[in-house]
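Chain residues, written in single-letter form:
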Amino acid sequence: MEDFTPLSGLVGGLLIGLSTALLMLLNGRIAGISGIVGGLLDRKASEVGWRAMFAAGLLLGAVAYMLATGGAFPVAIEASLPVMVAAGLLVGLGTRLGSGCTSGHGVSGIARLSGRSIVATLVFMGTAILTVLVSGQVL
Amino acid sequence: MPRLIVALFSGALFGLGLAVSGMANPQKVIGFLDVAGEWDPTLAFVMGGALLVAGPAFRLIFRRRRPVLSGDFELPVKTKVDARLIWGSALFGVGWGLSGFCPGPAVVALVPALATGIVPVFAFVIAMVAGMAIYERTF
């Protein structure tokens, strides 16, 4: 439990919730990252602009954090490069097939009490926990 | 134009939230998923914080007939749990567990990765976009 950071976790979560609420109130759109990034590959041009802006905003938010704190935030990766590539493919394909990820299902979906999102969140949490358990034994 | 600015601002708030929460660090996410190891509950506080804002906010927002800046709330129309939802979410969870990255944190982590030269972040994001493109072509 040495790495447990409940306060910064909660504050970060509140900011994410605020972002999600603002996008819905003002634009009527779900702040789901897989839908937004995946939607950039869609050819319906009318919805591409805001998605590109939101994605640019994600990067800008990270830049703002680094400027404010005067340094990079930690990104520690234990998986090997081939595993990261395989994981990226699974995350990209899986989130689009399953219509959402941690944000779209886990935050927006649960916030509007969508049954599909609650099921999806339980399923990806479950397989992720199992994967960590199994890879801890095997790798 | 106002909608694009809202999207940029909302994205920045979301990215900032992810950076503050520590969720852009795969090690912390794996620490949450590794329930059999030294469990780090931070991720639950992040989701909890987001839902604390988004849940009540959505309830108020959906009393409106339409969003402030656009004509309609664009919400998922599907209500039934189907095989695609289950399979997609299951695959996503495996990728999440292998890497510790879901789409939002991976994009946000590109910024410190650019500064410090962490190759696996770029590999993951490129593979993720490829996975999304495979979905667009196949389904």
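Anything mentioned here points back to the structure above.
Residues numbered from 1 in each chain as written. Chains lettered and ligands numbered in written order. Predicted model: local features only at pLDDT ≥ 70, side-chain atom pairs only at ≥ 80, totals over all residues.

A. Inspection of the nonpolar core at higher detail. Ala 106, Val 108 and Phe 124 of chain B are the most contacted members of the largest nonpolar core, which has 89 residues in total. By residue number, the principal contributor to this core is helix α1 (residues 6–27) of chain A, which donates eleven residues. With residues up to four places along the chain from it excluded, the contact list for Phe 124 of chain B reads Met 84, Ala 87 and Gly 88 of chain A together with Ser 99, Phe 101 and Ala 106 of chain B. (Core = buried A, V, L, I, M, F, W, Y, C linked by C-beta atoms within 7 Å. Buried ≥ 20, exposed ≤ 12 C-beta atoms within 10 Å, placed from the backbone. Helix = DSSP H or I, 4+ residues; strand = E, 2+ residues; numbered from the N terminus. Contact = placed C-beta atoms within 7 Å.)

B. Broad picture of helix α5 (residues 103–116) of chain B. All names here are of chain B. Between the first and last C-alpha of α5 there are 20 Å, a value that for 14 residues agrees with the 20 Å anticipated at 1.5 Å per step. Leu 110 marks the point of greatest bend in α5, at about 35 degrees, and the proline Pro 112 comes within the next four residues. Among all positions of α5, only Pro 103, Gly 104, Pro 105, Ala 106, Val 107, Val 108, Ala 109, Val 111, Pro 112 and Ala 113 are buried. Once α5 finishes, Gly 117 follows within two positions and takes phi at roughly 75 degrees, a positive value. (Expected span 1.5 Å × (residues − 1). Bend = angle between axes of the 7 residues up to and from the residue.)

C. Local environment of the interface of chain B and chain A. The interface of chain B with chain A comprises 109 residues on the first partner and 101 residues on the second. Counting only elements with at least two residues in the side of chain B that touches chain A, the list comes to α1 (2–21), α2 (26–33), α3 (42–61), α4 (83–99), α5 and α6 (119–138) of chain B. For the side of chain B that touches chain A, the leading source of residues is α1 of chain B, giving 18 residues. Here the side of chain B that touches chain A is composed, by residue class, of 74 nonpolar, 24 polar and eleven charged. (Nonpolar A, V, L, I, M, F, W, Y, C, P; charged D, E, K, R; others polar.)

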